[in-house]
Amino acid sequence: MTRFLTRRFVAMILLLFVISFVTFSLFQLGPADPAAAACGQECTPQRIAEARVALGMDKPFLTQYFDYMSGLVGSRTVGAPGSETLCSWPCLGKSFQTNEDVTAIIGRALPYTLSVASGAIVLWSVVGVGLGLLAALRKGRFTDKLVVGAASVGVSLPIPVTGLLLLLFFVSTVHLLPFTTNAITSPFGAAGPGGWFLNYLLPWVALAVLFSAQYIRVTRGNMLETFGEDFMRTARSKGLSRRIIVFKHGARAGITPVVTMLGLDIGTLLGGAVLTEQIFSVPGVGFTAVHAAQAGDLPVTMAITMMAAFFIIVANVVVDATYAVIDPRVRVA
């Protein structure tokens, strides 16, 4: 098992290097000129050239790349010669737009994303698994058809459509919920748990509808397959109660694949959070990434891309390790 995890860890590090190099290369080949963007609208060619030196963009491509990557293992200096400033470890660079440490920008945005993601994960897990289990227990009945129909509608609704419909109805039409503000980052702040809940309820629902629909379908299918297994027939022949048969024997086997699916979805959650944060103007990591990419802010874009890749890869490693524990044959593959 140790050898298996070591291989996965080495592969994770190599993959992060590949992702960082590809992202850095794409940014360099793109049409945006960060020096011109940082210089402003009324800027002379001389000032643009000075900005390129200050941003370190006058150096060869590989030198820029290795300078950036060196900050991941230690501190470094950034800026034009004579006006360098120290970027402390872990140095993800300084924003081309604001000259602020990227770690501070991400640290400020991360609580918003965690607020959006944590509530959405709980909502789609409880609703998706619960309704999927209910549909399996009521197979062929009205409840089953209603849940399956709702899941079919939900899985076909993109996050932007769901978000705009929620805003139109609950905020603009019936005025039942407030528009998301950018001041609440924790249930333990001045607004309290109630204010935090109401503030993020619509983003949670917008993000959870699509995921819940997928979990309903997967849970229902797994549970129906599990109900036909021999060990379930044995449990029934022993005269066990329906509650014990379903929840103690059936749910444990039927929901295991869903747990694996949840691990992967948490790793890829940032993609959905980008759309949700844009629609509801939540200044989280996704919102920051979009604006940084539009402004040609390479350090912020690189840092967020690396962070998202790290979470996705770690989620995959955790899932692989879980599979290896359940099925030892995976360790050999």
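Scroll up a little and you will see the structure.
Engineer: Any chance you could explain the overall build of the chain here in plain terms?
Structural biologist: Along its length, the chain carries 14 helices and two strands. Taking the principal axes of the C-alpha coordinates as reference, the chain spans close to 85 × 60 × 35 Å. Relative to its full complement of 333 residues, the chain shows a buried share of 40%. Long-range contacts, defined here as pairs at least 24 residues apart, represent 66% of the contacts in the chain between residues at least 6 apart. Carbon together with sulfur atoms contributes 68% to the accessible area of the chain, which is approximately 17800 Å² in total. Computing the positive centroid from 24 side-chain charges and the negative centroid from 17, the chain places the two 20 Å apart.

Engineer: Looking at this structure, I do not really get the packing of helix H5 (residues 102-137) against helix H8 (residues 192-227). What am I missing?
Structural biologist: Angle between the axes and distance between the axes: these two values describe a pair of packed helices. Where H5 meets H8, the axes come as close as 5 Å, and the angle between the chain directions of the two elements is 35°. Remark: the crossing between H5 and H8 carries right-handed chirality.

Engineer: Just to check I follow, could you spell out the state of the cysteines for this structure?
Structural biologist: By definition, a disulfide links the sulfur atoms of two cysteines through a covalent bond. Considering all chains together, one arrives at one disulfide under this definition. The partner cysteine of Cys-87 in its disulfide is Cys-91, sulfur to sulfur 2.1 Å. One disulfide, between Cys-87 and Cys-91, carries an S-S torsion of 105° and so falls in the right-handed class.

Engineer: I would appreciate a short explanation of the packing of aromatic side chains in the present structure.
Structural biologist: Here the distance between the centres and the angle between the planes together describe a pair of aromatic rings. Inspection of every chain in the model, using the stated rule, returns 14 aromatic pairs. A centroid spacing of 6.4 Å and a plane angle of 45° characterise the contact between Phe-24 and Tyr-68, whose relative ring orientation is tilted. Of this pair, Phe-24 sits in helix H1 (residues 2-29) while Tyr-68 sits in helix H4 (residues 61-70); the two residues are 44 residues apart in sequence, bridging distant segments of the chain. Here Phe-24 matches Tyr-68 in class, with each residue buried. Seen from their ring centres, Tyr-65 and Phe-66 are 5.3 Å apart, and the 70° between their planes marks the pair as edge-to-face. Assessed through its relative accessible area of 4%, Tyr-65 is described here as buried. The exposure class assigned to Phe-66 is exposed, which follows from its relative accessible area of 55%. Ring pairs connect the aromatic residues Phe-21, Phe-24, Phe-61, Tyr-65, Phe-66 and Tyr-68, which therefore count as one cluster.

Engineer: Explanation requested: the side chain of Asp-297 in the structure shown.
Structural biologist: Structurally, the position occupied by Asp-297 is in the loop between helix H12 (285-294) and helix H13 (298-326). Buried charge Asp-297 goes without a salt bridge, the closest partner of opposite sign being Arg-108 at 9.8 Å. Beyond its immediate chain neighbours, meaning those up to four positions away, Asp-297 contacts Phe-27, Ser-95, Phe-96, Gln-97 and Ala-292.

Engineer: I tried to follow the pattern of salt bridges on my own but got confused; where do I start?
Structural biologist: Opposite charge on two side chains lets them pair, provided their charged atoms get close. With the rule as written, the count across this model stands at five salt bridges. Between Lys-59 and Asp-67 there is a salt bridge; the shortest N-O distance is 3.4 Å. For Lys-59, a relative accessible area of 41% translates into the label partly exposed.

Engineer: For this particular structure, what's the right way to read a positive patch on the surface?
Structural biologist: Together, Arg-138, Arg-141, Arg-236 and Arg-242 make up a region of like positive charge exposed at the surface. Here Arg-236 falls in the partly exposed class, since its relative accessible area comes to 41%.

Engineer: In this structure, what is going on with H8? I would like to understand it.
Structural biologist: Think of an α-helix as turning once every 3.6 residues; residues three or four places apart then point the same way. In a regular helix each residue adds 1.5 Å, so 36 residues correspond to 52 Å; H8 covers only 44 Å between its end C-alpha atoms and thus falls short of that length. The sharpest bend along H8 measures roughly 45° and falls at Tyr-200, with the proline Pro-203 sitting one to four residues further on.

Engineer: How should I be thinking about the nonpolar core in this particular structure?
Structural biologist: The biggest cluster of nonpolar side chains holds 29 residues, and the ones touching the most others in it are Trp-124, Tyr-200, Leu-202, Leu-207 and Phe-280. Within the residue set of this core, elements represented by two or more residues are H5, helix H7 (159-173), H8, helix H10 (242-267) and helix H11 (269-280). Top element by residues in this core is H8. It accounts for 10 residues. Ranked by size, the runner-up nonpolar core spans 22 residues in total, among them Tyr-68, Ala-109, Val-300 and Met-306.

Engineer: Got a minute to help me understand unusual backbone geometry in this structure?
Structural biologist: Peptide bonds are, in most cases, trans, and in most cases residues other than glycine have a negative phi. Along the chain, Trp-89 connects to Pro-90 via a cis peptide bond; the corresponding omega equals -5°. Along the chain, Pro-90 turns up in the loop between strand S2 (85-87) and H5. Positive phi values are uncommon outside glycine, yet Ser-281 reaches one of about 55°. Mapped onto the secondary structure, Ser-281 falls in the loop between H11 and H12.

Conventions we followed
Think of each chain on its own: its residues are numbered from 1, step by step along the sequence as written. A pLDDT threshold of at least 70 governs which residues receive local features in this predicted model, and a stricter bar of 80 or more applies before side-chain atom pairs are shown or counted, although totals over entire chains, interfaces and linings include all residues. Each side-chain value is worked out from all heavy atoms of the structure, with water and hydrogens disregarded. The helix and strand labels rest on DSSP assignments: H or I over at least four residues marks a helix, E over at least two residues marks a strand, and numbering proceeds from the N terminus. The buried label goes to any residue with under 20% of its type's maximum accessible area, the exposed label to any with over 50%, and the partly exposed label to all in between, with areas taken from a 1.4 Å probe on protein chains only. Contacts are residue-level and defined by heavy atoms, with any inter-residue pair within 4.5 Å sufficient. Per-residue accessibility takes into account occlusion by the displayed protein chains alone, with areas from the Shrake-Rupley method and a 1.4 Å probe. Charged residues are defined here as Lys and Arg on the positive side and Asp and Glu on the negative side; His and the ends of the chain fall outside this count. In plain terms, the charge of a residue is placed at NZ if it is Lys, CZ if Arg, CG if Asp and CD if Glu. Orientation is described by lines fitted to C-alpha atoms, with helices fitted over the stretch in contact, and by angles between N-to-C directions that extend from 0 to 180 degrees. Each crossing is labelled by how the near helix is turned from the far one, with a counterclockwise turn of less than a right angle marking it left-handed and a clockwise turn marking it right-handed. Counting rule for disulfides: a pair of cysteine sulfur atoms within 2.5 Å. Within 6.5 Å between ring centres, the rings of Phe, Tyr and Trp (the latter by its six-membered ring) count as paired, and their orientation is classed by plane angle as stacked under 30 degrees, edge-to-face over 60, tilted in between. Put simply, a salt bridge is a Lys or Arg side-chain nitrogen that is within 4 Å of an Asp or Glu carboxyl oxygen. The patches reported here contain residues having more than 30% relative accessible area and no salt bridge. Joining distances are 9 Å for like charges and 5 Å for nonpolar side chains (Val, Leu, Ile, Met, Phe, Trp, Tyr). How far a helix is expected to stretch is found by multiplying one less than its residue total by 1.5 Å. Bend at a residue means the angle formed by two fitted axes: the first through the 7 residues ending at that position, the second through the 7 residues beginning there. The nonpolar core is taken to be a set of buried Ala, Val, Leu, Ile, Met, Phe, Trp, Tyr and Cys residues, with the residues joined through side-chain atoms within 4.5 Å.

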